[in-house]
Amino acid sequence: DAYKFRGSKGAAQALLGKAQLFQKKYAEAATNFAAVISSKEFDLEDNYGEIYDGVAKAGKEVVFEILYSSESGNNCDTWDGTGESNYMTILMGIRGDWSFNNLDIPLGKEYINGWGMNVPTKEIGELFDASAANGDVRSAASVMSGADFSAAGGYINSPEAAAIYTGDNNDYKSPGTFNWDDYEGYLRLKYTCDTLETGKPAFETNWQFPVKVIRYADVLLMAAEAYLESSQAGKALIEINKVRTRANLPNLSSVSLQNIKDERRLELAFEGHRFFDCVRWGDTSELGPKFTAGKNEVLPIPQIEIDLN
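Fair warning: this is a prediction, and the values are worked out from it, not measured in the lab.

Thresholds applied
All residue numbers refer to position in the chain's written sequence, counted from 1. Predicted model: local features are reported for residues with pLDDT of at least 70 only, side-chain atom pairs are reported and counted for 80 or more only, and whole-chain, interface and lining totals are derived from all residues. Side-chain measures here rest on the full set of heavy atoms in the structure, leaving out hydrogens and waters. Strands are runs of DSSP state E lasting at least 2 residues, helices are runs of H or I lasting at least 4, and numbering of each runs from the N terminus. In this scheme, a residue with accessible area under 20% of its type's maximum is buried, one over 50% is exposed, and one in between is partly exposed, where area comes from a 1.4 Å probe on protein chains only. Here a polar contact means two N or O atoms within 3.5 Å. Within protein one must be a hydrogen donor candidate and the other an acceptor candidate, and residues neighboring in sequence count only if both atoms are side-chain atoms. In what follows, residue pairs with any heavy atoms lying within 4.5 Å of each other are defined as contacts. Only the stretch in contact is used when fitting a helix axis, every axis being a line fitted to C-alpha atoms; angles between N-to-C directions are given from 0 to 180 degrees. Any angle between 65 and 115 degrees counts as roughly perpendicular, while under 35 counts as roughly parallel, over 145 as roughly antiparallel, and the rest as oblique. Left-handed describes a crossing whose near helix is turned anticlockwise from the far helix by less than a right angle; the clockwise case is right-handed. Classification used: nonpolar for Ala, Val, Leu, Ile, Met, Phe, Trp, Tyr, Cys and Pro, charged for Asp, Glu, Lys and Arg, polar for all others including Gly. It is the directions from the helix axis to the C-beta atoms whose arc is reported. Stacked, edge-to-face and tilted are the three classes for Phe, Tyr and Trp ring pairs, Trp counted by its six-membered ring, which pair at centre distances within 6.5 Å; planes under 30 degrees apart are stacked, over 60 edge-to-face, the rest tilted. Note on geometry: a ring has a charge over it if NZ (lysine) or CZ (arginine) is within 6 Å of the ring centre and within 35 degrees of the ring normal. Side-chain atoms within 4.5 Å link the members of a nonpolar core, which is a set of buried Ala, Val, Leu, Ile, Met, Phe, Trp, Tyr and Cys residues. For this analysis, a salt bridge means a side-chain nitrogen from Lys or Arg found within 4 Å of a carboxyl oxygen belonging to Asp or Glu.

Participant: Any details on the side chain of Ser142? Residues and values, ideally.
Facilitator: Residue position: Ser142 is located in helix α6 (residues 138-142). The class of Ser142 is buried, set by a relative accessible area of 0%. A polar atom in the side chain of Ser142 sits 2.7 Å from the backbone oxygen of Arg138. The contacts of Ser142, once residues within four sequence positions are left out, are Tyr48, Phe128, Leu187, Arg188, Leu189, Lys190 and Phe270.

What follows is the structure, given as structure tokens:
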């Protein structure tokens, strides 16, 4: 506990198990995930909504995360990747430039605008809406519909608007530069800009928000998959129901691979896992028209390495 910046044995076992899962070595993966679970080193956060607050930084659900600091006090000239802060936070925050405003009113925290990347699709928004109707608490911590945002006091500019009057010296500003072609009616709440996670002199470059690479819920769902694929459905059911219980959903009486896929999609939304999950499962048709089967399953070799060879 005194060295949270170091990788633990549990983190190594979880990472090995994940690699084995991708290699379809299900029995071996199950063994490593079982070791992580039985160690009692990790647990689920009681409140799903706090996973992405500073409250849960290096918390009990963290198996492996990248920690950042705002202590260096970067200015806006520091964009070369050498700083200690998490620049991704400002990139992922809900778009400013008069696109979405009054964030602190409907979202209930000291949220400010970011640059609007990683926009939720209508599909994931509606999946969360449907799950929320069954009591799923993860929806309120993951997305908000534009309609609910506006009803709560948020302001959404429209792509057709010609100008926004600021009230200062008849100063008119052009509409926000948000990519409206990507907006499908939902705002993402994970990795959103909370002022408590940044510092001066420039909030854009001093975010200390951690990136959670592997958290315990991910381990439980990977364990469920490894157990199921190695003919241990009873153990798989135990692990997936742990995640569902925290989400305020009823326990399943039996488990299928589709149950696990659905649970991962909601539990880990916007955390960077779905692309790799779909590749592992062979569900690449769900990745959209830009995905080319037989090519995009692997990452490209960097051009600099090709040049050096």
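Participant: Before we move on, can you summarise unusual backbone geometry with the specific residues and values?
Facilitator: Following Lys200, the chain continues into Pro201 via a peptide bond in cis, with omega recorded as 10°. Residues other than glycine seldom take positive phi values, yet Asn118 does so here, at roughly 65°. Tracing the sequence through the fold places Asn118 in the loop between α4 (104-107) and α5 (122-132). Look at Asn118 and you get partly exposed, because its relative accessible area is 32%. Within the chain, Tyr191 stands out as a residue other than glycine whose phi angle is a positive 55°.

Participant: Quick one: what's the story with the packing of helix α10 (residues 257-267) against helix α11 (residues 274-281), residue by residue and with numbers?
Facilitator: At a minimum axis distance of 11 Å, the contact between α10 and α11 shows a crossing angle of 165°. The angle between α10 and α11 places the two elements in the roughly antiparallel class. Helix-helix and strand crossings are classified by hand; for α10 and α11 the assignment is left-handed. Listed contacts from α11 to Leu257, Lys261, Arg264 and Arg265 of α10 are Arg274, Asp277, Arg280 and Trp281. In the contact of α10 with α11, the residues fall into 2 nonpolar, no polar and 6 charged.

Participant: Tell me about α11, residues and numbers included.
Facilitator: Considered for burial, the residues of α11 that qualify are Asp277, Cys278, Arg280 and Trp281. For α11, the arc enclosing every buried residue in end-on projection is 160°, short of the 170-degree limit, so these residues lie on one face. Where the residues of α11 are buried, they touch α1 (9-22), α8 (216-229) and α10.

Participant: An account of the packing of aromatic side chains is needed here, citing residue identities and associated values.
Facilitator: Considering all chains together, one arrives at 9 aromatic pairs under this definition. Between Tyr52 and Phe209, the aromatic rings sit 6.2 Å apart at their centres with planes inclined by 15°, giving stacked as the arrangement. Taken as a pair, Tyr52 in the loop between α2 (26-38) and β1 (62-66) and Phe209 in the loop between β7 (186-188) and β8 (211-215) lie far apart in primary sequence, 157 residues in all. According to the relative accessible area criterion, Phe209 is buried, its value standing at 4%. Site record: aromatic cluster; members linked through ring pairs are Tyr52, Tyr191 and Phe209. The ring centre of Tyr52 lies 6.0 Å from the NZ or CZ of Lys212, which sits over that ring. We note Arg280 situated over the ring of Phe22; from NZ or CZ to the ring centre the distance is 4.9 Å.

Participant: Residue-level account of the nonpolar core, with values.
Facilitator: If you look at the biggest cluster of nonpolar residues, it comprises 30 residues, and the most contacted ones within it are Phe33, Val63, Tyr216, Val219, Ile240 and Val255. Listing elements by their share of this core, those giving two or more residues are α1, α2, α8 and α9 (233-246). The element that contributes the greatest number of residues to this core is α8, accounting for 11 residues. Among residues more than four places away in sequence, those in contact with Val63 are Ser8, Gly10, Ala11, Ala14, Phe42, Ile214, Arg215, Tyr216 and Val219. Among the nonpolar cores identified, the runner-up in size contains 10 residues, and Tyr111, Phe149, Tyr183 and Leu187 belong to it.

Participant: Outline the pattern of salt bridges, listing residues and values.
Facilitator: Evaluation of the coordinates by the stated rule reveals 21 salt bridges. As a salt-bridge pair, Lys60 and Asp46 come within 3.5 Å of each other at their nearest N and O atoms. Here Lys60 is found in the loop between α2 and β1, whereas its partner Asp46 is found in the loop between α2 and β1, with 14 residues between them in sequence. Judged by relative accessible area, Lys60 falls into the partly exposed class, the value being 34%. For Asp46, a relative accessible area of 67% puts it in the exposed group.

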